[in-house]
Amino acid sequence: MPTLTIVVGTMYGGALDVAEQVKPLFEQAGYTVEISEQPTVEDVTQGSDLSLFCVSTTGSGDFPGNFVPFVRSLKDQSPSLTKLRYGLIALGDSSYGDTFCGAGRALDELLQDLGARRLGERLEIDAMETFMADDAAMPWVEEWIDDQQLKVA
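Residues numbered from 1 in each chain as written. Predicted model: local features only at pLDDT ≥ 70, side-chain atom pairs only at ≥ 80, totals over all residues. Heavy atoms only, no water.

**Topic: the packing of aromatic side chains**
Logical step 1: A complete count under the given rule lists seven aromatic pairs for this structure.
Logical step 2: For the pair phenylalanine 26 and tyrosine 31, a centre-to-centre distance of 6.4 Å together with 90° between the ring planes defines the contact as edge-to-face. Each of the two residues, phenylalanine 26 as well as tyrosine 31, counts as buried.
Logical step 3: Taken together, Phe53, Phe63, Phe67, Phe70 and Tyr86 form an aromatic cluster joined through their ring pairs. (Phe/Tyr/Trp six-rings, centres within 6.5 Å; stacked < 30°, edge-to-face > 60°. Buried < 20%, exposed > 50% of the residue type's maximum accessible area, 1.4 Å probe, protein only.)

**Here we look at the environment of aspartate 93**
Logical step 1: Its place among the elements puts aspartate 93 in the loop between strand S4 (85-92) and helix H4 (102-113).
Logical step 2: Of the residues examined, aspartate 93 reaches a relative accessible area of 22% and is grouped as partly exposed.
Logical step 3: When sequence neighbours within four positions are dropped, the list of residues in contact with aspartate 93 reads Phe100, Asp126, Ala127 and Met128.
Logical step 4: Within polar-contact distance, the side chain of aspartate 93 engages the side chain of serine 95 at 2.6 Å. (Helix = DSSP H or I, 4+ residues; strand = E, 2+ residues; numbered from the N terminus. Contact = heavy atoms within 4.5 Å. Polar contact = N/O pair within 3.5 Å; in protein donor to acceptor, adjacent residues only side chain to side chain.)

**Comments concerning unusual backbone geometry**
Logical step 1: Even without glycine at this site, serine 78 takes up a positive phi of about 45°.
Logical step 2: Summarising the element assignment, serine 78 is placed in the loop between helix H3 (68-77) and S4.
Logical step 3: Of note, the phi angle at cysteine 101 is positive, near 55°, even though the residue is not glycine.
Logical step 4: Here cysteine 101 is to be found in the loop between S4 and H4.

**Quick look at the layout of surface pockets**
Logical step 1: Roughly 480 Å³ of volume is contained in the largest pocket.
Logical step 2: Along its surface, the largest pocket is lined by 26 residues, and Ser56, Thr57, Leu91, Gly92 and Ala127 are the ones closest to its centre.
Logical step 3: Going through the elements one at a time, helix H1 (14-28), S4, strand S6 (123-126) and helix H5 (133-147) are the ones with two or more residues in the lining of the largest pocket.
Logical step 4: By residue number, the principal contributor to the lining of the largest pocket is H1, which donates three residues.
Logical step 5: Looking at side-chain class alone, the lining of the largest pocket contains twelve nonpolar, ten polar and four charged residues.
Logical step 6: The space that makes up the second largest pocket amounts to roughly 160 Å³.
Logical step 7: For the second largest pocket, the full set of lining residues is Asp43, Val44, Thr45, Gln46, Gly47, Ser48, Ser51, Ser80, Leu81, Thr82, Lys83 and Leu84.
Logical step 8: Among the elements that make up the lining of the second largest pocket, the one with the highest residue count is helix H2 (residues 42-45) (three residues). (1 Å grid on protein atoms, 1.4 Å probe; cavity = no way out; pocket = protein on both sides within 12 Å on 5 of 7 lines; lining within 4 Å. Points joined across faces, edges and corners; volume = space filled by probe spheres on them. Nonpolar A, V, L, I, M, F, W, Y, C, P; charged D, E, K, R; others polar.)

Structure follows, in structure tokens:
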């Protein structure tokens, strides 16, 4: 059975809630799913066939506290991520202007710089428009699974 790691960067729990809500969709598609709330480089370099990042933005485009060590390790170690296939759900607040979903956008760029391949488009969820982030994430994940032909026979 293929595996999926959902890597979570969250300050107040919104991104974790999204991860927990979408997990069953991947299980129904045939994946064994792990949620990583304290991510490490090993989460994206070992074992998983696929990763989904659920990352909220704090402050002025910053990574949430639980995610900072992970990003720092990626930058310090510069691991080859050429085998990593991933999706990305970025949570933010458009009232912050240019830094809207800044953490998700910065992560996306970093992962691609290290050789990872994003499958499909990044989902950006705006707290000003969507009260419950999983309301936007659930249909996106369903479509992402179908579009990327991720269902396991």
